[in-house]
Amino acid sequence: LDLFVTNAGNEPNYLYKNNGDGTFTKITSGTVATDRGDAHGSAWADWDNDGDLDLFVARDGRNNSLYRNDGGDVFTSISNAMTTGGGLSFGSAWADYDRDGDLDLFVANRLGTGNFFYKNTRGTCNNWASIKLIGTNSNKSAIGARVYVTATINGNVVTQMREVSAQTGGGTGGQNDLALSFGLGNATSISNITIEWPSGYQQVVTNQPMNQFLQFTEVDGAEICGTVFNDMNMNCVQEVGEYGISGVAVVLNPGGITAYSDADGDYAVFVRPGIYTLQEIPSAIWAPNCPNALGTRTVNAASLGGTYCGNDFGNRALVSQPDLFTEIFIAAHRIGANNLIVVNYENIGAVDATSSILEVTLPSEIEVLLTSLPQLPAKANSVSFDLGTLPPNAKGIVYISYTVNLSTPVGKVLNVASKISSGNIDFNNSNNASADISPAVASYDPNDIAVSPTRYVKKGEWLQYKIRFQNVGNIPAAQVRVEDELPEGLDLSTIELGRASHTYKFQANGRQLVWTFPNINLADSLSNEKESHGFITFRIKPKDGLSIGDRMLNRAAIYFDNLEPVITNTVENVLTDEIAKESKALAKPLQIQPNPTSGKVLVQSFDMSLEPDAFFVEIRVFDQLGRQAYESQVVANQRQELYLHHLTSGTYHVKALDSKGRGYYGKLVLMKE
């Protein structure tokens, strides 16, 4: 996938061509890359069905733009009804509303002005195919699926790719139809269609008709499954008392598909028929024993719909120590409401942990109402629990019902931490403690993603992600599925799965992580609010080789049964040498000129000018309510012009970050002429 970025103000837009190796080349010539003017929404579509993706750009207060793709990175700006009407345009979406084989366009305008709707009469001059996908093992909408269509166009064999996406770049109010449209020009037939489903299964169909609305339902792939277990007597058979080992990666090749063992040690993955090599990757506590010391086995998954289970991996313990683990989960600190703290604990080591104690530290704003286990004698601002002896693989959950005092200010950050200890020497002390640091709220979105640290991250530092979900319907959800397409800036080799609220199946298809909770029967919030919540945690590090200022944006899609997905908020991290200090008291001052301004300002810092090797990596503008109103794309500059003509008059806060991780702050007054 290539990348197009719109910019507001009078800045040009950015077009990046994907080199196919994880890097991009910025296109700097041509009308797409050089046109300027308050661009907001954008959406790709083969407008004329010639086999090349064209581009529509919505502009605020100016004529919109349509760029025809002529092939070879060449685009031509088109003048027609879509580009000459002007408007206060933000969002845009393509869909074949009249089912005539070409894509029509809807444009959303702001400030109560009428929207635009354009019927396409150009695309019917060429051949086409429209493909609708229905997932079974994958999500029903097939979000994340990729479709490749091969046909001979103008004498050349051409393969086009489309991805089913819940974010099609249309800007505010823009989302293309989930049906995928392919322009086929003068092709006379479709050679083949290849569908890569999110489940990992690849489906191929051939000799399909053109100029048709095609629908494909995901075929059950071949299921490969097994158990990872502690083979205590080393006889390669899981017997009574030989427990499953959770969180072990099993990698299948070809394809690089990764499954993880669940709480019982079981793993399962769907693949297209073929011969696969399986490789288990245990933690430092374990070493492969069966079927061999390499932890590999070969499976011939011969037929569609076939089940190939019993591909077990027996392991032997390398250390004779317990390894205690704890993780804390809180949905939200709702002021004055009855809230819940969920604390997971487990012995993931190979021997008993004796005299185990779990302690939860609480801020003074929290009042404990009830706990699921008896408490030890109370300490100031904490509650403790005697867990006794925890055998290997023993696990449990402690629930703490609490309320946040009514006098607590909205937004005050509350720190709740758990710590577990025993009378033994622990194998890995780093997982003996967990913390939840989040603000007190008056209301909240129950389906979201959070990351710690919250914005700036150093090289080599862990990013701790937590995805929360809640069934706010009126009947229980039989199944929940969570999908997270990781940003390119994260290193897949470092991912570590944390705990979750319920037993799940996990699979990684490239950068796409998929958690499936089969038969979860998640209660609805109307009948049982306490049991209507769930969560997932994992951690991962940024890639080596990233540059200061590189961004990592992440969000998730949550599916309840066969409903359309709930898309979470987006969290962002920026790579820095040091954790930037954004408070006004610690930030260095910005010089902003002219101030007041009618729209264009120059931002610089006298402090930075004394250091030739320092430069801005980002500048952001916020309104009086703290909402981000503008973000400048900065490339190694000590002075940066901002174009704020699209903002309304008022006072704004300007925050900046430099290449050494330091924060800057200033105010500006915008007075529109």
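Up top is the structure.
Residues numbered from 1 in each chain as written. Predicted model: local features only at pLDDT ≥ 70, side-chain atom pairs only at ≥ 80, totals over all residues. Heavy atoms only, no water.

1. Observations regarding the state of the cysteines
Filter applied, for reference: Sulfur atoms of two cysteines make up a disulfide when they are within 2.5 Å. Runs of E in the DSSP output that reach at least two residues are strands. Runs of H or I that reach at least four are helices, and both are numbered from the N terminus. Each residue's exposure class comes from its accessible area (1.4 Å probe, protein chains only) as a fraction of the maximum for that residue type: buried when under 20%, exposed when over 50%, partly exposed otherwise.
Under the counting rule described, the total for this entry stands at 2 disulfides. Covalently, C225 is tied to C309 through a disulfide, its sulfur atoms 1.5 Å apart. Taking the torsion about the S-S bond as the criterion, the C225 to C309 disulfide, at about -70°, is left-handed. With C225 in strand 18 (residues 222-230) and C309 in the loop between strand 25 (307-308) and strand 26 (313-317), the pair connects residues that are 84 residues apart, well separated along the chain. The exposure class assigned to C225 is buried, which follows from its relative accessible area of 6%. With a relative accessible area of 49%, C309 lands in the partly exposed category. Here C236 engages in a disulfide with C290; their sulfurs sit 1.7 Å apart. Between C236 and C290, the disulfide has an S-S torsion of -60° and is therefore left-handed. Taken together, the residues C236 in the loop between strand 18 and strand 19 (249-253) and C290 in strand 23 (residues 286-290) connect sequence positions 54 residues apart. Assigning the bonded cysteines of the protein chain consecutive numbers by sequence position, one obtains the connectivity 1-4, 2-3.

2. Concerning the pattern of salt bridges
The line we're drawing: Salt bridge, as applied in this entry: a Lys or Arg side-chain nitrogen positioned within 4 Å of an Asp or Glu carboxyl oxygen.
A complete count under the given rule lists 24 salt bridges for this structure. For the salt bridge of E365 with K412, the shortest nitrogen-to-oxygen distance reads 2.5 Å. Note that E365 is positioned in the loop between strand 30 (353-361) and strand 31 (366-371) and K412 in the loop between strand 33 (395-404) and strand 34 (413-421), a separation of 47 residues in sequence. Taking the shortest distance from any N to any O, the salt bridge between E641 and K600 comes out at 3.6 Å.

3. Regarding the sheet that holds strand 50 (residues 600-604)
Pairing between the strands of a sheet comes from backbone hydrogen bonds, and it takes one of two forms, parallel or antiparallel. For the record, the criterion: Strands qualify as paired when DSSP identifies two bridges or more between them. Helix axes use the C-alpha atoms of the stretch in contact, all axes being lines fitted to C-alpha atoms, and the angles between their N-to-C directions lie in the range 0 to 180 degrees.
Strand order in the open sheet made by the 3 strands is 49-50-53, with antiparallel pairing throughout. Whereas interior strands pair on both sides, the edge strands pair on one side only; in this sheet they are strand 49 (591-593) and strand 53 (640-643). Direction aside, the axes of adjacent strands within the sheet are offset by 25° on average. One ladder, built from 3 bridges, connects strand 49 with strand 50; its direction is antiparallel. Considered in strand 50, the bridge of Q591 is made with Q604.

4. Thoughts on the pairing of strand 14 (residues 180-185)
Within strand 14, 6 of the 6 residues are buried, which leaves the element mostly enclosed by the surrounding structure. Burial of the side chains of strand 14 extends over both faces: L180, F182 and L184 are buried on one face and S181, G183 and G185 on the other.

5. As for the environment of D623
Here is the rule we go by: Residues count as neighbours in contact if any of their non-hydrogen atoms are within 4.5 Å of one another.
Along the chain, the position of D623 falls in the loop between strand 51 (616-622) and strand 52 (628-632). Setting aside chain neighbours within four positions, we find D623 in contact with Y652 and H653.

6. A closer look at the sheet that holds strand 40 (residues 490-500)
Strand order in this open sheet of 4 strands is 36-38-43-40, and the pairing throughout is antiparallel. Two strands in the sheet have a free side with no partner beyond their single neighbour: strand 36 (448-452) and strand 40. Sheet twist, expressed as the average angle between the axes of neighbouring strands with direction ignored, equals 20°. Bridging between strand 38 (residues 463-470) and strand 43 (residues 533-542) involves 8 bridges; their strand directions are antiparallel.

7. Some points on the packing of aromatic side chains
Formally: Centres within 6.5 Å make a pair out of two Phe, Tyr or Trp rings, where for Trp the six-membered ring is used; the pair is then stacked when the planes are under 30 degrees apart, edge-to-face when over 60, and tilted otherwise. Criterion for a charge above a ring: Lys NZ or Arg CZ within 6 Å of the ring centre, and within 35 degrees of the ring normal.
A complete count under the given rule lists 17 aromatic pairs for this structure. Across the ring face of F213, the terminal group of R99 is positioned such that the distance to the ring centre comes to 3.8 Å. Sitting over the face of the ring of F325, R499 holds its NZ or CZ atom 4.1 Å from the ring centroid.

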